[in-house]
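If you want the building blocks of each chain, they are given just below.
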Amino acid sequence: MRIWLDGGLRDVESARVSVLDHGLTVGDGVFETVKAAHGEPFALTRHLDRLTRSARGLGLPDPDHDEVRRACAAVLTANPMALGRLRITYTGGHGPLGSDRGRHGPTLVVALGETTRRPDTTAVVTVPWTRNERGVLAGVKSTSYAENVVALARAHRLGASEALFGNTVGQLCEGTGSNVFVVLDGEIHTPPVASGCLPGITRALVVEWTGVHETDLPLDVLDRADEVFLTSTLRDVQAVHRIDDRELPGTQGPVTAKAMRVFDERAGQDLDP
């Protein structure tokens, strides 16, 4: 594997970040995960725009989009594969052990890992922890991911692939790495960004392409929704067949199936929508 680190490609054995990098010591960093099929990244412009918004949310300098694009192209060329997870990580760089930032400038890492297409349906669980819709990290794709690690581990123990959070006022929010959609009376609804959810790239495309309503939803909407599906960079649109102990149809419902079809068609027509 060849990885881009601060200006050039390196072998995985020599690609080393300082043990004093703020991304490691205090989680002071942001990242993006981009789907890459046969060496071509999907929706890279949108991902870079969100990377910048996240960096600004933490007070980091704006990343250089041209440099990140060069890094992505170099990594994709150096690591050919059919379907990959392209990970762009941008941190506060070398700094003191406390929360104060250093003056060495940010660190940029771009790496690629092989992946496979997700199943058409999956199981999810709800968790007792909440997203803070008023927190400083709301809407920021931060490397401070420990909450998601804990929740996802719980989901795996319960035979599910994703965990869903409510927010502090009892509204449905998001998954650990996905956005959630529900179908009510034939119409698709998803929590607004004000709920504290990450403004997902796939989420935005599905909203634009399928006429989704952004709606404040109580967490118990999951008990009565006709259909539920998830979106994310690597899931695309994925139906949910079980939520906690509630069983939904084993195949995607008609509204979800249409959303899947529309997304696949539109995404196939434009790699950078």
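Data block above holds the structure.
Basis of the calculations
- Residues numbered from 1 in each chain as written.
- Predicted model: local features only at pLDDT ≥ 70, side-chain atom pairs only at ≥ 80, totals over all residues.
- Heavy atoms only, no water.
- Helix = DSSP H or I, 4+ residues; strand = E, 2+ residues; numbered from the N terminus.
- Buried < 20%, exposed > 50% of the residue type's maximum accessible area, 1.4 Å probe, protein only.
- Contact = heavy atoms within 4.5 Å.
- Polar contact = N/O pair within 3.5 Å; in protein donor to acceptor, adjacent residues only side chain to side chain.
- Right-handed = clockwise from strand over helix to strand, strands pointing away.
- Pairing = 2+ DSSP bridges.
- Salt bridge = Lys/Arg side-chain N within 4 Å of Asp/Glu carboxyl O.
- Disulfide = S-S within 2.5 Å.

Student: Help me understand the environment of G250 in this model?
Tutor: Following the sequence through the fold, G250 ends up in the loop between strand 15 (246-247) and helix 6 (254-269). Overall, the relative accessible area of 56% leaves G250 in the exposed class. C-alpha separation for the pair G250 and D216, spaced 34 residues apart in sequence, amounts to 27 Å. Excluding residues that lie within four positions of it along the chain, G250 makes contacts with T121 and H241.

Student: Would you take a moment to explain the side chain of H189 for this structure?
Tutor: Tracing the chain through its elements places H189 in strand 11 (residues 187-190). Separated by 2.8 Å, the side chains of H189 and T215 make a polar contact. Sequence-distant contacts of H189, defined by excluding residues within four places in its chain, comprise V180, F181, V182, L184, V212, H213, T215 and L217.

Student: Help me understand the pairing of strand 8 (residues 162-167) in this model?
Tutor: Regular strands place side chains that alternate from one sheet face to the opposite one. For strand 8, the buried fraction is high: six of the six residues fall into the buried class. Neither face of strand 8 is exposed, since E162, L164 and G166 on one face and A163, F165 and N167 on the opposite face are all buried. Note that the unit made of strand 7 (residues 121-131), helix 4 (residues 146-157) and strand 8 has a crossover that is right-handed. Sheet topology note: the strand 8/strand 9 (residues 172-175) ladder contains three bridges and is antiparallel. In the strand pairing of strand 9, L164 is matched with G175.

Student: In this structure, what is going on with the pattern of salt bridges? I would like to understand it.
Tutor: Close approach of charged atoms lets side chains of opposite charge pair. Scanning the entire structure with this criterion turns up 11 salt bridges. In this structure, R117 engages D120 in a salt bridge whose closest nitrogen and oxygen atoms are separated by 3.9 Å. Among the residues examined, R117 registers a relative accessible area of 49% and is labelled partly exposed. Taking the relative accessible area as the measure of exposure, D120 reaches 37% and is therefore partly exposed.

Student: Would you mind going over the sheet that holds strand 4 (residues 40-41) with me for this structure?
Tutor: The strands that make up a sheet are held in pairs by hydrogen bonds between backbone atoms, and each pair lies either parallel or antiparallel. Taken in spatial order, the six strands make up an open sheet running 2-1-6-5-3-4, and their pairing is antiparallel. Each of the sheet's edge strands pairs with one partner strand only, and the pair in question is strand 2 (8-11) and strand 4. Sheet analysis places strand 5 (residues 83-91) next to strand 6 (residues 107-114), joined by eight bridges and oriented antiparallel. By the bridge assignment, R87 is partnered in strand 6 with A111.

Student: What is the right way to read the state of the cysteines from this model?
Tutor: Disulfides are covalent bonds that link the sulfur atoms of two cysteine residues. Summed over the entire model, instances satisfying the criterion amount to zero disulfides. Here C197 is not disulfide-linked; the sulfur of C173 is the nearest cysteine sulfur, at 5.5 Å.

Purely geometric numbers; function is a separate question.
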